[in-house]
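The residues making up each chain are set out below.
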Amino acid sequence: NASFSAATNVVRTVVAAPLAASVTPTAAGKAFGAADPSPLTTGTLTGFLAGDNVTATYARIAGEAVGTYLISATLGAAGGASVLLNYAITSNTALFTIGQAAQTITFTAPGTPAVYGSTFVVLPTASSGLPVTVTPSGGCTLSGSTVTMTSGTTACVLTASQAGNASFTAATNV
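The rules behind the values
Residues numbered from 1 in each chain as written. Predicted model: local features only at pLDDT ≥ 70, side-chain atom pairs only at ≥ 80, totals over all residues. Heavy atoms only, no water. Salt bridge = Lys/Arg side-chain N within 4 Å of Asp/Glu carboxyl O. Helix = DSSP H or I, 4+ residues; strand = E, 2+ residues; numbered from the N terminus. Buried < 20%, exposed > 50% of the residue type's maximum accessible area, 1.4 Å probe, protein only. Pairing = 2+ DSSP bridges. Axes fitted to C-alpha atoms, helices over the stretch in contact; angles between N-to-C directions. Disulfide = S-S within 2.5 Å.

Concerning the pattern of salt bridges
Next, step 1: The full count for this structure, using the stated rule, is four salt bridges.
Next, step 2: One salt bridge connects Asp 36 with Arg 60, and the closest N-O pair in it is separated by 2.9 Å. Of this pair, Asp 36 sits in the loop between β2 (28-31) and β3 (43-46) while Arg 60 sits in strand β4 (residues 54-60), and the two are 24 residues apart along the sequence.
Next, step 3: Given a relative accessible area of 31%, Asp 36 falls into the partly exposed group.
Next, step 4: With a relative accessible area of 14%, Arg 60 lands in the buried category.

Structure (structure tokens):
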């Protein structure tokens, strides 16, 4: 205006800094031989501005053996990947655990009574496909899968067992 001369411009620079944020997957798991859960897992996004619509998808290191596998996250934003450059992101991980699967034994009961000197075949199976061990006691013997009655007065007791392995827990004896 007429009373004042123009002021000198004052310039101030404000340094920009990314906003701290983090992504943390939730631990998950399954039994050996089962399908991965869908979705694999969920997680927590912390520090992101709601308007940026940041989302996470989760994946794990490949493998199907009993053990642990790392879960990590891939982030995306509705405005494109450049939106994520506004953040100092801490990417945490979690574990996906594959545990031993349970197994059961199927063992058809032999016909009873079994006469002294008679033979019959037993073929128990395990749901895991692992071999089943049959242990005889009392009035019988076992050779391969053939049981021979060695007594006409003492009952024959057959116990089927499967001890398990790295992938399967031991089955309950039948």
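The rest of the description comes next.
Regarding the sheet that holds strand β1 (residues 19-25)
Next, step 1: The strand order across the open sheet built from three strands is β3-β1-β6, with neighbouring strands paired in mixed fashion. Strands at the two margins of the open sheet, each flanked by one partner only, are β3 and β6 (87-91). Averaged over all neighbouring strand pairs, the angle between strand axes comes to 15 degrees, with direction disregarded.
Next, step 2: Inspection of the sheet shows β1 paired to β6 by five bridges, in the parallel sense.

A look at the state of the cysteines
Next, step 1: In the structure shown here, the tally under the stated rule is one disulfide.
Next, step 2: Here Cys 140 is linked by a disulfide to Cys 156, with a sulfur-sulfur distance of 2.0 Å. On the sign convention where negative is left-handed, the bridge of Cys 140 and Cys 156, at about 70 degrees about the S-S bond, is right-handed. Highlighted residues: Cys 140 in strand β12 (residues 140-143) and Cys 156 in strand β14 (residues 156-161), separated in sequence by 16 residues.
Next, step 3: Among the residues examined, Cys 156 registers a relative accessible area of 23% and is labelled partly exposed.

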